[in-house]
Amino acid sequence: LKMSWLWLYLPLHLLTATCLCHSIKAPTTNSQESLKSNLFNFYHSLILADGKETTIHLLKDIPKRYYFVLEEGRALAPFSITVTPCDVPIEWSILVYRSPPGKAAPGDHDTQEVSKSHKASSMVSTIFNYKGNSVETYMGMSSHSALYLLEFLSTERDTHITVYLTTDTTSGHLYPELPGDPRIDVIGIGHTTVTLAWKHSPSVLQHRESIQYCLLVNEKHNYKSLCAAETAIRSSGMKLPPTLALSLSPYLLEPQQVMILSNSELSIINKASSGEVRQVCMGTKNTYTVPSLSPSTQYYFDVFIVNLLTNASAAYTGTFARTLEEPEPKVTELKDGKVIHVVLDGKKQKFYSLQYQARHKKIHFTFQLCRGQIRVHITRNGKTVASENLSGLRYFSLKGKLLDTYSVQLRSTEESNSSVKVLASPHFHKPLFPLLPESLKIKSFSKLRTCRSVTIAWLGTQEESKYCVYRKRIEEDQIWRELQSADRCSGPESRHKSEKVLCKYFYDLNLQRAVTTETIKGLEAGTLYLFDVYLFGPSGIPVRYHSKVVKTRKKC
């Protein structure tokens, strides 16, 4: 910017322009104090940088002014100004002062000054004004030197905006280009998924390596800019990474954030009391299926095209969609004394319903959790009588009336497969499952561990039962998989014969002494072994104790 031109016109012409931009009225000879005040305000206005995005903080009801000057000697100088509100609607306007052509006519000095003032005032005009929270761009062309003043005002609350001025409209754009049709199309809706598609930005075709699409999903409303989205998320009590324009460089996530990186897509889930806000950057793909949504819920989707080099972004026109209602689960009838094995696919079928009509006043439900995590919800004639997460073997003894209708709903609480065995019976004194001890844990004794043997112990019951011990040699990298994938309902029939160690019977009427130990010999030194104990009841249905991993000593 050439400041010589600016100072040349300050004595009169800019004094007039300044006065007008404050009051939109031309000064009179009787308003010298007002002129001095306005001149002070002008001197304290800021120059708006050319070719750089500027962040401006606005205080409520206090206007902020910036100015820039188009240089002399440039015929038809083009320029553009883009303003992005980052929160509430704002008011902003552009005033232009053009230097009057020619010189004032000779004559009386006072008359000459008034004439100059009148000429100057006739050259000041408001060329643009706007009120709202949309991203707006003004493109102008000036045929001769001019001074432009921008005024910004927030009447709702303190906020911030970004402003981008450029006088070089030929060497490219700071902001990525939007396509001619910037709408987001919803091309598929499921119970827990929504599939979106949008037209490619021309910037992707030109600068594929430095451009990417980022998607924001929330349950409140659409956002007109990435700046507005980040501000809203922060105000809800969540902290964001520096920007959605992620360069994939490492940074620390806050406790309420979850980052998922898979198939070159980076997802960040912000958890707050008002719901989840998901951010997904998927490179240059222009279709995406949003997974793991809640059924029968309305979501808002915004796509931003982001320049990774400048962090500048442009917003597609947001859309919304409502996921489908969860289908009514198939209802299976429970029959007296018959065990049903239910398998739930955590991704496709998360619910399973059972129904039982009582033929006795007292009813006993038995659940044996085989794998995964399952929550059970039992109602009698529509009223809840039990609801909890299952663990191991669980009995519910309920008392009602003849012909009461019991509904049992099973729900998987994780995405992996879960399974459970269910039994309904009026005869608790003839259970199909064995009587269980207080704990199903297997204990090992470190001091009794040698290079060739391991001693383990487990609790028994007051009922004489059969216990079978199995061992399996495993590697370090197999421990987690073996413990997590174990089917706690499967019996020894699924084991290799070589893994069987022994079977024994025992009981004790005194529960304090209902403990048995076993020393397993013939092991290899410095080797990991997985030990399992199976308990068999009168009906022959087994219950598996929790697996125990023990390593023999390397040296003895």
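The structure displayed is predicted, hence computed values, not measured ones. (Residues numbered from 1 in each chain as written. Predicted model: local features only at pLDDT ≥ 70, side-chain atom pairs only at ≥ 80, totals over all residues. Heavy atoms only, no water.)

**Q** Even after reading the chapter, I still don't get the packing of aromatic side chains, so can you show me in this structure?
**A** For any pair of aromatic rings, geometry is given as the distance between the ring centres together with the angle between the planes. Evaluated as defined, the whole model comprises 19 aromatic pairs. Taking 5.8 Å as the distance between ring centres and 45° as the angle between the ring planes, the aromatic pair formed by Tyr300 and Phe320 counts as tilted. In this pair, Tyr300 is assigned in strand 17 (residues 298-307) and Phe320 in strand 19 (residues 319-322), connecting sequence segments 20 residues apart. When its relative accessible area of 16% is taken as the criterion, Tyr300 is described as buried. The exposure class assigned to Phe320 is partly exposed, which follows from its relative accessible area of 49%. An aromatic cluster of three or more residues is present, and its members are Phe68, Phe79, Trp92, Phe128, Tyr138, Tyr148 and Phe152. Directly above the ring of Phe396 sits Arg394, whose terminal nitrogen or CZ lies 4.3 Å from the centroid. The positively charged end of Lys504 is found above the aromatic ring belonging to Phe506, 6.0 Å away from the centroid. (Phe/Tyr/Trp six-rings, centres within 6.5 Å; stacked < 30°, edge-to-face > 60°. Helix = DSSP H or I, 4+ residues; strand = E, 2+ residues; numbered from the N terminus. Buried < 20%, exposed > 50% of the residue type's maximum accessible area, 1.4 Å probe, protein only. Lys NZ or Arg CZ within 6 Å of the ring centre and 35° of its normal.)

**Q** What am I meant to see in the pairing of strand 23 (residues 362-371) here?
**A** In the case of a regular strand, side chains alternate between the two sheet surfaces. The buried count for strand 23 comes to eight of ten residues, which makes it a mostly enclosed element. Across seven bridges, the pairing between strand 23 and strand 26 (residues 393-399) is antiparallel. Residue pairing in the sheet places His364 in a bridge with Ser397 of strand 26. The pairing of strand 23 with strand 28 (residues 418-425) spans seven bridges and is antiparallel. When the bridges of strand 28 are listed, Phe365 appears paired with Ala424. (Pairing = 2+ DSSP bridges.)

**Q** I'm lost on the environment of Lys554 in this one. Help?
**A** Examined against the element boundaries, Lys554 turns out to sit in the segment after strand 36 (548-551). When the C-alpha atoms of Lys554 and Gly526 are compared, they prove to be 4.1 Å apart, with 28 residues separating the residues in sequence. Not counting chain neighbours up to four residues away, the residues in contact with Lys554 comprise Cys451, Ala525 and Gly526. (Contact = heavy atoms within 4.5 Å.)

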